[in-house]
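Notes for the structure review
Residues per chain are reported as follows:
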Amino acid sequence: MKYLTDEKLVIVGAAGMIGSNMAQTAIMMGLTPNICLYDPYAPGLKGVAEELLHCGFEGLNLTYTSDIAEALTGAKYIVNSGGAARKAGMTREDLLKGNAAIAEQFGKDVRKYCPDVKHVVVIFNPADITGLVTLLYSGLKPSQVSTLAALDSTRLRNELAKYFSISPDEVTGCRTYGGHGEQMAVFASTAKVNGEPLTRIIGTEKLPGKDWEEMRVRVVQGGKNIIDLRGRSSFQSPAYLSIEMVAAAMGGPEFRWPVGTYVNNSRFSHIVMAMETTVSANGVKVKPVTGTPEEEAELDKSYRHLCALRDEVISLGVMPPIDKWGDYNPYLCQTTD
Ligand SMILES: NC(=O)c1ccc[n+]([C@@H]2O[C@H](COP(=O)([O-])OP(=O)(O)OC[C@H]3O[C@@H](n4cnc5c(N)ncnc54)[C@H](O)[C@@H]3O)[C@@H](O)[C@H]2O)c1
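Attention here is on the structure that accompanies the text. No experiment lies behind these values; they were computed from the predicted model shown.

Procedures and definitions
- Once a new chain begins, its residue numbering starts again from 1 and follows that chain's sequence as written.
- Since the coordinates come from a predicted model, pLDDT governs what is reported: local features require at least 70, and pairs of side-chain atoms require 80 or more to be given and counted, while whole-chain, interface and lining totals use all residues.
- Hydrogens are left out, water is left out, and the side-chain values use all remaining heavy atoms of the structure.
- Here a helix means four or more residues in a row that DSSP labels H or I, a strand means two or more in a row labelled E, and each is numbered from the N terminus.
- Every helix has an expected span of 1.5 Å times one less than the residues it contains.
- Three labels apply to residues, based on accessible area from a 1.4 Å probe with only protein chains included: buried if under 20% of the type maximum, exposed if over 50%, partly exposed otherwise in between.
- Picture the helix axis, draw a direction to every C-beta atom, and the arc is the one those directions span.
- Contacts are assigned to residue pairs that have any heavy atoms within 4.5 Å of one another.
- The rule for a residue being near a molecule or strand is that one of its heavy atoms must lie within 4 Å of it.
- Only the protein chains shown count as cover for residues, and all accessible areas are computed by the Shrake-Rupley method using a 1.4 Å probe.
- When residues are grouped by polarity, Ala, Val, Leu, Ile, Met, Phe, Trp, Tyr, Cys and Pro land in nonpolar, Asp, Glu, Lys and Arg in charged, and all others, Gly among them, in polar.
- A strand pair is defined by DSSP finding two or more bridges across the two strands.
- Throughout, nonpolar core names a set of buried Ala, Val, Leu, Ile, Met, Phe, Trp, Tyr and Cys residues whose side chains join them through atoms within 4.5 Å.
- For Phe, Tyr and Trp, rings pair up if their centres lie within 6.5 Å, where Trp contributes its six-membered ring, and each pair is then called stacked (planes under 30 degrees apart), edge-to-face (over 60) or tilted (otherwise).

Each full turn of the α-helix corresponds to 3.6 residues, which orients residues three or four apart in the same direction. With twelve residues, helix α8 (residues 209–220) ought to run about 16 Å at 1.5 Å a step, and its terminal C-alpha atoms sit 17 Å apart, in line with that. Every buried residue belonging to α8 is among Trp212, Met215, Val219 and Val220, and all of these are buried. Along the axis of α8, the buried positions cluster into a sector of 135 degrees, meaning they face one direction only. Buried residues belonging to α8 abut α6 (151–164), β8 (175–177), β9 (185–187), α7 (198–201) and α9 (222–230).

So, about the site of the ligand. Around the ligand lies a shell of 30 residues, among which Ile18, Asp39, Ala84, His180 and Arg232 are the nearest. When the ligand sits alone it has 870 Å² of accessible area, and the protein chains cover 83% of it. Mapped by element, the contributors of at least two residues to the shell around the ligand are α1 (17–28) and α4 (96–113). The residue makeup of the shell around the ligand, split by class, is 17 nonpolar, ten polar and three charged.

One ladder, built from four bridges, connects strand β14 (residues 277–280) with strand β15 (residues 283–286); its direction is antiparallel. For Ser280, the partnering residue across the bridge sits in β15 and is Gly283. Linking β14 back to β15 in an antiparallel pair, the connection comprises two residues.

What follows concerns the nonpolar core. Counting 55 residues, the largest nonpolar core has Leu9, Ile11, Leu37, Val79 and Phe255 as its most contacted members. Ranked by residues supplied to this core, first place goes to helix α10 (residues 236–249) with eight residues. Ala75, Val120, Tyr177 and Ile271 belong to the second-largest nonpolar core, a separate cluster that totals 48 residues.

Okay, the environment of Gln105 next. Mapped onto the secondary structure, Gln105 falls in helix α4. On the accessibility criterion, Gln105 (43% relative accessible area) is partly exposed. When the C-alpha positions of Gln105 and Glu70 are compared, they lie 15 Å apart, and in sequence the two are 35 residues distant.

On to the packing of aromatic side chains. A full pass over the atoms with the stated rule returns four aromatic pairs. A centroid spacing of 5.5 Å and a plane angle of 80 degrees characterise the contact between Tyr137 and Tyr328, whose relative ring orientation is edge-to-face. One end of the pair, Tyr137, is in helix α5 (residues 127–138); the other, Tyr328, is in helix α12 (residues 325–328), with 191 residues separating them in the sequence. Geometrically, the ring pair formed by Phe268 and Tyr303 is edge-to-face, given 5.0 Å between the ring centres and 65 degrees between the ring planes.

Structure follows, in structure tokens:
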């Protein structure tokens, strides 16, 4: 089997649903033969490792441990879904306090055990905040930490394909930016349906305004819908997309969706949010994007919502006030464009 790299990939939260699916996906996509699984829940972790070993993969060097020092030492790539998952009736933000504290410890562990890590993908929710906390305490560069935010865009693509009864391949340019929460900004102006700009279709008999509004709600509540259908938070799609992100960071195929990244410029200050991005072996790069005035206003609103969450984490004492961030990670004081 040909692998993208032979460097060590650590999957944090590997006993969980996303983590175990990521492990299998990473092996099947040929990312690296050197995969280490970490989870504090040792019996579940052993069960996942046993299952993977029972697959009979060839050329695989799979290790697992509940010792974080052992897991992270020598890590060059990390993907982390290790935190509590949303239960029915909870929003991603309800998870805030517990998972932000987990992210603080994780960031400190990265700094201590694998300061030479090349890229870290953060998944556990609210991912914009846990990614920001990880970035702060790890001391890594903003281009080295990304968060999973693509699901909102893939859900928009799916909703449009279902509505028009066409293949999802005929729907292009689906984008949501800002927070990966229920206050995301759904952009219509970037999308095309069968080659026709979506903005030209909205409000016509093809897609009446009311139907578009209902579709936006279904996109924003896509995660809740999976919980309603399956009785638990989604895991197949986040696992797959996160491994695609890691593959891109390893120099593999380009990642085709927005990722969450640190932004600090004249418009958005000291925040992690979904932007138009590329992910490559050089990390995350942000590309400019302009929407309609309504979309831009939605993005501003989403940003303000994220700022409120960030400030709540600061008031909880999990993060220091912004003017002290330079003491922990000087890169966060630099502007990002
Ligand atoms: N960003 C996204 O698009 C997205 C999508 C779906 C789910 N999620 C989030 O991903 C996370 C994981 O979801 P899941 O379905 O795999 O949950 P899960 O409960 O199945 O697994 C979580 C795993 O994390 C482990 N864990 C707990 N504390 C930990 C710690 N301190 N360090 C490392 N691991 C720890 C648990 O033992 C468990 O095995 C949740 O926070 C969920 O909300 C994010």
